[in-house]
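One-letter residues, chain by chain:
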Amino acid sequence: DIESVSQKLADANLIRYPGLFQKFAEITKKADRINVGTYELGSHLDYNAMINDMVYISLAREEVEVVFPEGFNCAQFFRILENHGVCTVEELEDWAVNGELDDYWFLEGVERDDKYWLEGYLSPDTYRFYTNDDPRNVLEKFLDAFDARFTDIMKDDLATMQERYASMLAKGGFSSEYIAANPLTLHQVLTVASIVQRETSGEEESF
């Protein structure tokens, strides 16, 4: 349990305050997701990095490197993961719709009504996974990566797009009530971006 994990970390001089570490793990909802195993940790890691290592990484399991190319859709991502023995397509599809995920600011209000609703949130890159992993761990690794990549500049750009969209609606005669109830969401932006990427032949045409 998280109490014994916290004490072991303190005994190994990796953390100073086991009670604080335990509380942090509980607040981030990862206290019950730490895997049994052997880990290489350092005191230079902050609480979040240390917990993530114990959630996502275990030296007792086989690690695989997985490359996701540009332009691949959600279904192709899931198939690649299955081909590398990380999770089955069925496990990933089921968890995407029905499984518990951490709260992410960019998923607020997003309907999980389709097994590929994560389209646009799975960023092409090279990742390291463990075979026979928990689908929640796998999907949240992608979501953590998306969150890290979404910079403050991007957030400002999104806000600018939303303001322009609201202005266009106002010029089109829509009421302030309608505009407030129908904002341009990040999910809509990602959906359009995914369509543009798939339907165009290059960056110039995409722009």
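Given the structure is predicted, the values throughout are model-derived calculations rather than measurements.

Undergrad: Even after reading the chapter, I still don't get helix α6 (residues 135–149), so can you show me in this structure?
TA: Since there are 3.6 residues in each turn of an α-helix, residues three or four apart along the chain are aligned in direction. For α6, which comprises 15 residues, the first-to-last C-alpha distance of 21 Å matches the rise-based estimate of 21 Å (1.5 Å per residue) to within 8%. Among the residues of α6, those classed as buried are Pro-135, Arg-136, Asn-137, Val-138, Leu-139, Glu-140, Phe-142, Leu-143, Ala-145 and Phe-146.

Undergrad: Explain the environment of Leu-190 here, please?
TA: Relative to the helices and strands, Leu-190 is located in helix α9 (residues 186–199). For the pair Leu-190 and Tyr-121, spaced 69 residues apart in sequence, the C-alpha to C-alpha distance is 7.8 Å. Not counting residues up to four positions away in its chain, the partners in contact with Leu-190 are Gly-120, Tyr-121 and Phe-146.

Undergrad: How should the packing of aromatic side chains be read in this particular structure?
TA: Note on aromatic pairs: each is described by the distance of the centres and the angle between the planes. According to the stated counting rule, one finds 20 aromatic pairs in the structure shown. Both rings, one in Phe-21 and one in Tyr-47, keep their centres 5.1 Å apart while their planes meet at 80°; by these two values the pair is edge-to-face. Placement of Phe-21 in helix α2 (residues 18–27) and of Tyr-47 in helix α3 (residues 47–56) is noted, with a sequence separation of 26 residues between them. The structure contains a cluster of three or more aromatic residues connected by ring pairs, namely Tyr-104, Trp-105, Phe-106, Trp-117, Tyr-121, Phe-146 and Phe-150. Here the guanidinium or amino end of Lys-155 rests over the ring plane of Trp-105, the centre of that ring lying 4.9 Å away.

Undergrad: Can you walk me through the packing of helix α1 (residues 2–11) against α2 in this structure?
TA: The angle between the axes and the distance between the axes are what describe a pair of packed helices. α2 packs onto α1 with a crossing angle of 135° between their chain directions and a minimal axis gap of 9 Å. When the interaxial angle is binned, α1 and α2 end up oblique. α1 and α2 meet at a crossing whose hand is right-handed. Contact with α1, carried on its side by Ile-2, Glu-3, Ser-6, Gln-7, Leu-9 and Ala-10, involves Pro-18, Phe-21, Gln-22, Ala-25 and Glu-26 of α2 and no other residues of that element.

Undergrad: Any chance you could explain unusual backbone geometry here in plain terms?
TA: The phi dihedral of Lys-29 is positive, around 65°, even though this residue is not glycine. Although it is not a glycine, Asn-132 adopts a positive phi angle of roughly 55°. Mapping Asn-132 onto the fold places it in the loop between β2 (126–130) and α6.

Undergrad: Help me understand a negative patch on the surface, please; the structure alone is not making it clear to me.
TA: A contiguous patch of negative charge, built from Glu-90, Glu-91, Asp-94 and Asp-134, is present on the exposed surface. With respect to the element layout, Glu-90 can be found in helix α5 (residues 89–98). Given the relative accessible area of 52%, Glu-90 is considered exposed.

Undergrad: Whenever I open this one, the pattern of salt bridges confuses me. Can you help?
TA: A pair can form between side chains of opposite charge whenever their charged atoms are brought close. The full count for this structure, using the stated rule, is 10 salt bridges. Between Arg-128 and Glu-65 there is a salt bridge, with the nearest N and O atoms lying 2.9 Å from each other. Note that Arg-128 is positioned in strand β2 and Glu-65 in strand β1 (residues 63–67), a separation of 63 residues in sequence. The exposure class assigned to Arg-128 is partly exposed, which follows from its relative accessible area of 37%. Ionic pairing is found between Arg-136 and Glu-140, a salt bridge with its closest N-O pair at 3.2 Å. Of the two residues, Arg-136 and Glu-140 both sit in helix α6, 4 residues apart, roughly one turn of that helix. This pair shows no difference in class: Arg-136 is buried, exactly as Glu-140 is. Linked through salt bridges whose partners overlap, the residues forming this network are Glu-100, Asp-102, Arg-136 and Glu-140.

What counts as what
- Here the residue index of a chain counts from 1 through its sequence in written order.
- Totals for whole chains, interfaces and linings use all residues, but because this is a predicted model, local features are given only for residues with pLDDT of at least 70 and pairs of side-chain atoms are given and counted only at 80 or more.
- Values reported for side chains reflect all heavy atoms of the structure, with hydrogen atoms and water molecules removed beforehand.
- Numbering of helices and strands runs from the N terminus; a helix is a DSSP stretch of H or I covering at least four residues, while a strand is a stretch of E covering at least two.
- In this scheme, a helix's expected span is set at 1.5 Å multiplied by one less than its residue total.
- Exposure categories follow from relative accessible area, calculated using a 1.4 Å probe and restricted to protein chains: below 20% of the type maximum is buried, above 50% is exposed, and the middle band is partly exposed.
- We call two residues in contact when some of their heavy atoms are within 4.5 Å.
- Stacked, edge-to-face and tilted labels apply to pairs of Phe, Tyr and Trp rings (six-membered ring for Trp) whose centres lie within 6.5 Å, assigned for plane angles under 30 degrees, over 60, and everything in between, in that order.
- Placement of a charge over a ring requires the Lys NZ or Arg CZ to be within 6 Å of the ring centre, with the centre-to-atom vector within 35 degrees of the ring normal.
- For helices, the fitted line uses only the C-alpha atoms of the stretch in contact; every axis is such a line through C-alpha atoms, and the angle between N-to-C directions lies from 0 to 180 degrees.
- Our angle categories are set so that under 35 degrees counts as roughly parallel, over 145 as roughly antiparallel, 65 to 115 as roughly perpendicular, and the remainder as oblique.
- Left-handed describes a crossing in which the near helix is turned anticlockwise from the far one by less than a right angle; the clockwise case is right-handed.
- Like-charged residues within 9 Å of one another, or nonpolar side chains (Val, Leu, Ile, Met, Phe, Trp, Tyr) within 5 Å, are grouped into patches, provided each residue has over 30% relative accessible area and no salt bridge.
- Methods summary: accessible areas were calculated by the Shrake-Rupley approach with a probe of 1.4 Å, and residue burial reflects only the protein chains presented.
- Salt bridges are counted wherever a side-chain nitrogen of Lys or Arg sits within 4 Å of a carboxyl oxygen of Asp or Glu.
- By the counting rule applied here, Lys and Arg register as positive and Asp and Glu as negative, while His and the ends of each chain are not counted.
- We put the charge of a Lys on NZ, of an Arg on CZ, of an Asp on CG and of a Glu on CD.

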